[in-house]
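Fold and geometry: a report
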Amino acid sequence: MKKTVLVACGAGIATSTVVCDRVENLLKDNNISAEVVQCKISEVASRQEGADLIVSTTILPTTYNIPSEIATAYITGIGMEALDQKIIDHLKK
C-alpha cells in the first residue's frame, strides 16, 4: 500500500526541498512506496487527511492524529541516520 509523507517547513520552499530530497531517496533506497508532498506548515491541517507521516523542519503548531518527526537532523547533519530509521519505522507499520 502506498504511503503519503508530508514534508513541511515555514515557507514551503528552501529547507523543505532539502528534506524532501532526503526523504524521497531514503524511501527509494528502502523500497517503500510513498508519495512525498512538500507543503507549508500552515497547510498541514488541510492536507493531513490520508497522510501517514509528517516530517517538518520546525515545531508543528498543533498535534495531529498521525505521527510526526522534526527534521532538524537533515538541516544540521547531526543525527541523520537516527531520523532515517524513525521515518522507516513509521512507514513500515
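Residues numbered from 1 in each chain as written. Predicted model: local features only at pLDDT ≥ 70, side-chain atom pairs only at ≥ 80, totals over all residues. Heavy atoms only, no water.

We now examine the environment of Ser68. Mapped onto the fold, Ser68 is located in strand β4 (residues 68-70). Separated by 13 residues in the primary sequence, Ser68 and Val55 have C-alpha atoms spaced 5.7 Å apart. Not counting residues within four places of it along the chain, the set of residues in contact with Ser68 comprises Leu53, Ile54 and Leu60. (Helix = DSSP H or I, 4+ residues; strand = E, 2+ residues; numbered from the N terminus. Contact = heavy atoms within 4.5 Å.)

Let's shift gears to the pairing of strand β3 (residues 53-56). Two faces, one strand: in a regular strand the side chains alternate between the faces of the sheet. Because side chains alternate across β3, one face comprises the buried residues Leu53 and Val55, and the other comprises Ile54 and Ser56, equally buried. Alignment of strand β1 (residues 3-9) against β3, held across four bridges, turns out to be parallel. Each residue of the ladder has a partner; that of Leu6, found in β3, is Ile54. Sheet topology note: the β3/β4 ladder contains three bridges and is parallel. Bridge pairing links Val55 to Glu69 in β4. (Buried < 20%, exposed > 50% of the residue type's maximum accessible area, 1.4 Å probe, protein only. Pairing = 2+ DSSP bridges.)

Time to look at unusual backbone geometry. Despite not being glycine, Asn31 has its phi angle at roughly 50°, a positive value. On the secondary structure map, Asn31 appears in the loop between α1 (14-29) and β2 (34-40). For Asn31, a relative accessible area of 73% puts it in the exposed group.

What follows concerns the pairing of β1. For β1, a buried count of seven out of seven residues is recorded, marking the element as mostly surrounded by other parts of the structure. Judged by which residues are buried, β1 turns out to be covered on both faces: Lys3, Val5, Val7 and Cys9 on one side and Thr4, Leu6 and Ala8 on the other are all buried.

Our focus in this paragraph is the nonpolar core. Counting residues in each nonpolar core, the largest one holds 18 residues, and the members touching the most others are Val7, Val23, Leu27, Val55, Tyr74 and Ile87. Counting residues per element, the ones that place at least two in this core are β1, α1, β3, α3 (72-76) and α4 (80-91). If you tally residues by element for this core, the top one is α1, at five residues. When neighbours within four sequence positions are excluded, Val55 is seen to be in contact with Val5, Leu6, Val7, Ala8, Val19, Glu69, Ala71 and Ile87. In terms of nonpolar packing, the next biggest core, distinct from the first, is built from 11 residues, Ala8, Ile41, Val44 and Ala51 among them. (Core = buried A, V, L, I, M, F, W, Y, C linked by side-chain atoms within 4.5 Å.)

A few words now on α1. Counting along an α-helix, one turn takes 3.6 residues, and residues three or four places apart therefore face a common direction. For α1, spanning 16 residues, the distance from its first C-alpha to its last is 23 Å, which sits close to the expected 22 Å at 1.5 Å a residue. Inspection of α1 places Ser16, Val19, Cys20, Val23, Leu26 and Leu27 among the buried residues, and these make up the whole buried set. End-on, the buried residues of α1 take up no more than an arc of 135°, which puts them together on one face. Residues of α1 that are exposed and point more than 90 degrees away from the buried face comprise Ala14, Lys28 and Asp29. Taken together, the buried residues of α1 touch β1, β2, β3, α3 and α4. A positive phi of about 50° marks Asn31, the residue just after α1. (Expected span 1.5 Å × (residues − 1). Arc of directions from axis to C-beta.)

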